[in-house]
Amino acid sequence: LNITILQLPKLAEFGEYAFAHLSNPASILTLSNMSILASIERYTFKASEASVTLDFMPSLSKIESYAFTQFAGNLTTGAMPSLEKIESYAFYGASGVFHIVADLPTLTYIGEAAFYQSYHPDTLVNLQIFWISRHFLLSRFGNFEERSFSSLIQMLTSSSLKLR
């Protein structure tokens with residue numbers, strides 16, 4: 001499976017299980033110009049082994065619970081300047097390689113265990129959230145769950161990380 005769609009300006013959301021269980025690691029899914037995409041729904045990429053590129057998502061405000069649970073492929077994302085919430089268990093148990101480089105000026109919530117048991121030594125995560133202390137994160141994210149913080153730090157410290 002090799003799907004490249006360069007123009008999706010009217011796509012508002014991915015439905016549940018839309019790209020779940022893509023079991024061929026040679027599969028490539030490239031989706032771009034998703035200017036009104038507001039959310040990535042539950043289980044959208046569950047247990048997928050494909051290489052997935054999601055680019056130009058200026059309206060994405062939420063990554064739902066379990067959206068990338070057990071994801072085992074390669075994930076590359078573009079800018080997500082409107083992302084407000086990463087729901088509980090969004091990346092739970094993911095073992096794929098993530099290349100996430102994003103300014104997140106509107107992020108206010110990272111749910112419980114959002115990144116729990118997610119790790120890969122080749123992962124590059126550059127969140128550019130400008131906060132590095134737990135105290136500051138907890139004061140900034142009133143809803144920031146302690147377990148989620150621990151799992152996020154575990155994942156990030158086991159990978160190549162830049163926090164600016």
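Structure's up top.
Residues numbered from 1 in each chain as written. Predicted model: local features only at pLDDT ≥ 70, side-chain atom pairs only at ≥ 80, totals over all residues. Heavy atoms only, no water.

**Some words on the overall build of the protein chain**
Threshold: Working definition: helices are DSSP H or I runs of at least four residues, strands are E runs of at least two. Numbering for both runs from the N terminus. The classification of residues rests on relative accessible area computed with a 1.4 Å probe and restricted to protein chains. Under 20% of the type maximum is buried, over 50% is exposed, and intermediate values are partly exposed. In what follows, residue pairs with any heavy atoms lying within 4.5 Å of each other are defined as contacts.
A count of helices and strands for the protein chain gives two helices and twelve strands. Written out in order from the N terminus, the α and β elements of the protein chain read β-β-β-β-β-β-β-β-β-β-β-α-α-β. Within the span of the protein chain, comprising 164 residues, buried residues form 48% of the whole. In the protein chain, the proportion of contacts linking residues at least 24 apart, taken out of those at least 6 apart, comes to 59%.

**Observations concerning the nonpolar core**
Short version of the rule: Nonpolar cores were defined as sets of buried Ala, Val, Leu, Ile, Met, Phe, Trp, Tyr and Cys residues, with membership established by side-chain atoms within 4.5 Å.
Ranked by size, the top nonpolar core spans 34 residues in total, and within it F14, I40, F45, L54, F68 and F91 carry the most contacts. Elements supplying a minimum of two residues to this core: β3 (28-31), β5 (51-54) and β9 (97-101). Residue contacts for I40: discarding those within four places in its chain leaves F14, F45, L54, L60, K62, I63, E64, A67 and F68.

**Description of the side chain of T44**
Applicable threshold: In protein, a polar contact means a hydrogen-donor-capable atom and an acceptor-capable atom, both N or O and within 3.5 Å, with residues adjacent in sequence counting only if both atoms are side-chain atoms; elsewhere, any N or O pair within 3.5 Å suffices.
Tracing the backbone through its elements, the reader meets T44 in the loop between β4 (39-40) and β5. Overall, the relative accessible area of 0% leaves T44 in the buried class. At 3.3 Å, the side chain of T44 forms a polar contact with the backbone oxygen of G15. Setting aside anything within four residues of it in sequence, one finds T44 in contact with F14, G15, Y17, A18, F19, A20 and A67.

**Considerations on the pattern of salt bridges**
In plain terms, the rule: Basic side-chain nitrogens of Lys or Arg form a salt bridge, by our definition, when they fall within 4 Å of a carboxyl oxygen of Asp or Glu.
A full pass over the atoms with the stated rule returns one salt bridge. In this structure, E64 and K62 form a salt bridge, with 3.3 Å as the shortest nitrogen-oxygen distance.

**Quick notes on the packing of aromatic side chains**
To be explicit about the condition: What counts as a ring pair is set by centres within 6.5 Å for rings of Phe, Tyr and Trp (its six-membered ring), and what kind of pair is set by the plane angle: stacked under 30 degrees, edge-to-face over 60, tilted for all other angles.
Scanning the entire structure with this criterion turns up 14 aromatic pairs. Ring centres of F19 and F45 lie 5.5 Å apart, and the angle between their planes is 15°; this geometry places the pair in the stacked category. Taken together, the residues span a long stretch of sequence, with F19 in the loop between β2 (13-14) and β3 and F45 in the loop between β4 and β5 at a distance of 26 residues. Given a relative accessible area of 17%, F19 falls into the buried group. The class of F45 is buried, set by a relative accessible area of 0%.

**What to know about the side chain of T77**
Along the polypeptide, T77 turns up in strand β7 (residues 74-77). Ignoring anything within four residues of it in the chain, the contact list for T77 reads L54, M57, H99, I100 and V101.

**Let's talk about the sheet that holds strand β10 (residues 109-110)**
Applied cut-off: DSSP calls a pair of strands paired once it identifies at least 2 bridges connecting them.
With parallel pairing, five strands are arranged side by side in an open sheet as β2-β4-β6-β8-β10. This sheet does not close on itself; its edge strands, each paired only once, are β2 and β10. Judged from the two bridges that link them, strand β8 (residues 85-86) and β10 form a sheet pairing that is parallel. Residue pairing across strands places K85 opposite Y109, the latter belonging to β10.

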